[in-house]
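Summary of structural features
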Amino acid sequence: MTARAAATKGRKAFVTKALPASKQRSLAGKYAWWVQGLTLTAFAYAFMGWLNESYLYLWDNPIWLNRYTEYAIILGFGVWRILAEHNPYTRKRLIVLVSCVTVLWWLIPWLFPFFEPYVGYLGTQPAFPSLHTPGTLTFFAVLGAVLLFGRRIICGWNCPCVGIRETVGFPFRHVTPRGPWAWRLRHTKWAFFALYVVAGAAVLTPLNSWSSAFVGAFALIVVIPYFASMLASPVIGNRGYCRYLCPYGATFGLLNRVGFYRVDFDRHTCNDCGVCNNVCDMGIPVLALGRAKGRIDVADCMGCGRCVTECGKGSLAFHDVRSVLAPAVRRDRSRLRAWATSRGKAALAQEAVFAAVLLTVLVGSVWLSSAVGTANELSTDLWASLCLVH
Ligand code: SF4
Ligand code: SF4
Ligand code: SF4
């Protein structure tokens, strides 16, 4: 039985189909010079949007030259990528990714902003993008989701960084550095992670001049490499920032290690073709890790699913909390059905309504008490600078 068959037995929703051999394409070819030029221009334009909103203030930060410019660019290039993508799983992922960036990161914050009750509401930062901000409710909700489903919740399906790098940056996938030295370099991200932890601690403590200066500096430490790595894509590939610099990715990666997520590897069916190594934009030595451990459970896996879907032998399969719960649910399904029948539809509906009301009151209370109880003194400028990272 292959890893995929074993991992997905009886769970159709979680199956990621391997592509037929005729449709497999391990790496994109080299794009024409004008496509690469267009890509770099788009990266530079996104950078100018951030620069204008943060420092230049030209034309009063119009929508075509502010933080939202990046998201509009992602939408434009995203449509191109979705239409061009040959892998059904990746196409589906791109549709979700581009939709999330467009709706959650751009349209809602721009047109109907609502604010975090904790730290974000004092600044100009609408609620959803504050998922990168330590201390916000969204931040903790995302950590919980990553624990259950892996880093791909953000890094695979819902982050402007992956959005711009997988749409605009696609023409530079082929230069992704691979091999032992490129893999060893991944540890650089822990230095940024350490800064992130200190900045997070500064945010969660009463503000003083030291923490203010530190968080401001941290924002620059993150933002400058974020945009610089885009412009360096012709050398470091489209995922350079996620691989070597991103402290958020490191945080989520840690949860990859302690949570439910991993990629299972079947040593018996694998024919050592190496396709999985070649398709991984994070430069993970999938084959070597799989052979050694029987799974890929490294902090660096952002769960794009390219290796899983491009493996012609079905030797790779996702594993997350669903893999743990599904057997139990299957086992108890008939018992649950019998219980539901004995309760009757009217009683079940009544209990569902009661549970929904209870949950709403509970969540509303936590939210409100958080809003009232945290008269934090963080300045608007400080939060604007920290949150403009994404
Ligand atoms: S590693 Fe960081 S920048 Fe890259 S997708 Fe994940 S959170 Fe976004
Ligand atoms: S896991 Fe699949 S893609 Fe990777 S080497 Fe084995 S057969 Fe090839
Ligand atoms: S190991 Fe597979 S799922 Fe993880 S990042 Fe690489 S290609 Fe994507």
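Being a predicted model, the structure only gives us computed values, none of them experimental. (Residues numbered from 1 in each chain as written. Chains lettered and ligands numbered in written order. Predicted model: local features only at pLDDT ≥ 70, side-chain atom pairs only at ≥ 80, totals over all residues. Heavy atoms only, no water.)

1. Quick notes on the overall build of the chain
What counts is decided by this rule: Numbering goes from the N terminus for both helices and strands, where a helix is a DSSP run of H or I of at least four residues and a strand is a run of E of at least two. Burial here depends on accessible area, computed with a 1.4 Å probe over protein chains only, as a share of the maximum for the residue type. Under 20% is buried, over 50% is exposed, and the range in between is partly exposed. Whether two residues touch is decided by their heavy atoms; if any such pair falls within 4.5 Å, the residues are in contact. Note on areas: these come from Shrake-Rupley sampling with a 1.4 Å probe, and a residue is covered only by the protein chains present in the view.
A count of helices and strands for the chain gives 19 helices and three strands. Sorting the 390 residues of the chain into buried and exposed places 51% on the buried side. Contacts in the chain between residues at least 24 apart in sequence constitute 77% of all its contacts with a sequence separation of at least 6. Looking at the chain as shown, the accessible area adds up to about 17,900 Å², and 70% of this sits on carbon and sulfur atoms.

2. Things to note about the pattern of salt bridges
Pairs can form between side chains of opposite charge once their charged atoms are near each other. Which entries qualify depends on this criterion: By salt bridge we mean one thing: a side-chain nitrogen of Lys or Arg within 4 Å of a carboxyl oxygen of Asp or Glu.
Taken as a whole and assessed by the stated rule, the structure comprises 15 salt bridges. The salt bridge partner of Glu166 is Arg306, with a shortest N-O separation of 3.0 Å. Taken together, the residues span a long stretch of sequence, with Glu166 in helix 7 (residues 160-167) and Arg306 in helix 16 (residues 306-310) at a distance of 140 residues. The buried category is assigned to Glu166, whose relative accessible area is 2%. In this structure, the salt-bridge partner of Arg295 is Asp297, at a minimum N-O distance of 2.9 Å. Judged by relative accessible area, which is 32%, Arg295 ranks as partly exposed.

3. Points about the packing of helix 3 (residues 69-84) against helix 7
The condition that has to hold: The axes are straight lines fitted to the C-alpha atoms, using for helices just the contacting stretch, and the angles between their N-to-C directions are given from 0 to 180°. Just so you know how the angles are binned, under 35 degrees is roughly parallel, over 145 roughly antiparallel, 65 to 115 roughly perpendicular, and the rest oblique. Crossing handedness follows the turn of the near helix against the far one: under a right angle anticlockwise gives a left-handed crossing, and clockwise gives a right-handed one. For this classification, Asp, Glu, Lys and Arg are treated as charged, while Ala, Val, Leu, Ile, Met, Phe, Trp, Tyr, Cys and Pro are nonpolar and the rest, including Gly, are polar.
One way to put it is that helix 3 packs onto helix 7 with a least axis distance of 9 Å and a crossing angle of 45 degrees. Of the possible angle classes, the one that applies to helix 3 and helix 7 is oblique. The chirality of how helix 3 crosses helix 7 is left-handed. Where helix 3 abuts helix 7, its residues Glu70, Tyr71, Ile74, Phe77, Gly78, Trp80 and Arg81 lie against Pro160, Gly163, Ile164, Glu166 and Thr167. Residue composition of the contact of helix 3 with helix 7, grouped by class: six nonpolar, three polar and three charged.

4. What about the site of ligand 1?
The condition that has to hold: Whether a residue is near a molecule or strand depends on its heavy atoms: if one lies within 4 Å, it is near.
By nearness alone, 13 residues border ligand 1, and Cys155, Cys159, Cys161, Cys242 and Cys246 come closest of all. Secondary structure elements with two or more residues in the shell around ligand 1: helix 7, helix 12 (240-244) and helix 13 (247-258). The dominant element in the shell around ligand 1, judged by the number of residues it contributes, is helix 13, at three residues. Here the shell around ligand 1 is composed, by residue class, of nine nonpolar, two polar and two charged.

5. Quick look at the packing of aromatic side chains
How we decide: Any Phe, Tyr or Trp ring, taking Trp's six-membered ring, that has another such ring centre within 6.5 Å forms a pair; planes under 30 degrees apart are called stacked, those over 60 apart edge-to-face, and the others tilted. In this scheme, the term charge over a ring applies when either NZ of a lysine or CZ of an arginine sits within 6 Å of the ring centre and within 35 degrees of the ring normal.
For the coordinates displayed, the defined rule picks out 18 aromatic pairs. Judged by centre distance (5.3 Å) and plane angle (75 degrees), the ring pair of Phe139 and Phe140 falls under edge-to-face. Using a relative accessible area of 8% as the deciding quantity, one classes Phe139 as buried. According to the relative accessible area criterion, Phe140 is partly exposed, its value standing at 47%. Put simply, the rings of Phe47, Trp50, Tyr55, Tyr226, Phe227 and Tyr241 pair up and form one aromatic cluster. Stacked on the ring of Tyr226, the Lys or Arg Arg165 has its end atom at 5.1 Å from the ring centre.

6. Details of the sheet that holds strand 1 (residues 262-265)
This is how it is decided: For two strands to be treated as a pair, DSSP must find at least two bridges joining them.
Judged by pairing direction, the sheet is antiparallel, and its three strands sit side by side in the order 2-1-3 without closing on themselves. Single-partner strands in this sheet number two, and they are strand 2 (295-296) and strand 3 (316-319). One ladder, built from four bridges, connects strand 1 with strand 3; its direction is antiparallel. The partner of Val263 across the bridge, within strand 3, is Phe318.

7. A look at the site of ligand 2
Residues in close proximity to ligand 2 total 13 residues, the closest being Cys270, Asn271, Cys273, Cys276 and Cys311. When grouped by side-chain class, the residues that make up the shell around ligand 2 number eight nonpolar, three polar and two charged.

8. Considering the confidence of the model for the chain
Detailed conclusions should not be drawn from predicted coordinates in areas where pLDDT is low. Note the cut-off: Per-residue confidence from the predictor is reported as pLDDT, a score between 0 and 100.
Across the chain, the average pLDDT comes to 80, with 78% of residues at or above 70. Averaged pLDDT values over the elements of the chain bottom out at 48 in helix 19 (residues 380-387) and peak at 95 in helix 15 (residues 286-293). Low pLDDT (under 50) marks residues 10-15, which in the prediction has 13 contacts with non-local residues, meaning those over four places away or in another chain. Of the regions scoring below 50 in pLDDT, residues 373-386 engages in 30 contacts with residues more than four places distant in sequence or in other chains.

9. Re the pairing of strand 1
In this sheet, strand 2 lies alongside strand 1 in antiparallel orientation, the contact comprising two bridges. Its bridge partner being in strand 2, Val263 is matched across the sheet by Ile296.

10. Brief notes about the side chain of Arg151
Short version of the rule: Only four residue types enter the charge count, namely Lys and Arg as positive and Asp and Glu as negative; His and the chain termini do not.
Here Arg151 is to be found in the loop between helix 5 (137-149) and helix 6 (152-155). Buried and without a salt bridge, Arg151 has Asp300 as its closest oppositely charged side chain, separated by 5.3 Å. Filtering out sequence-adjacent residues up to four positions away, Arg151 remains in contact with Val146, Gly156, Cys242, Gly249, Phe252, Gly253, Asn256, Met282, Ala299, Asp300, Cys301 and Met302.

11. Topic: the environment of Cys276
Mapped onto the secondary structure, Cys276 falls in helix 14 (residues 275-279). Sequence spacing of Cys276 and Thr309 is 33 residues, and the spatial spacing of their C-alpha atoms is 9.1 Å. Not counting residues within four places of it along the chain, the set of residues in contact with Cys276 comprises Val286, Leu287, Cys307 and Leu316.

12. A look at helix 15
For clarity, the threshold we go by: The directions considered for the arc run from the helix axis to the C-beta atoms.
Every buried residue of helix 15 is accounted for by Val286, Leu287, Leu289 and Gly290. All buried residues of helix 15 lie within an arc of 165 degrees about the axis, which places them on one face of the element. As for helix 15, its buried residues are in contact with helix 8 (180-184), strand 1, helix 14, strand 2 and strand 3. Positive backbone phi, at 80 degrees, marks Gly294, one or two positions downstream of helix 15.

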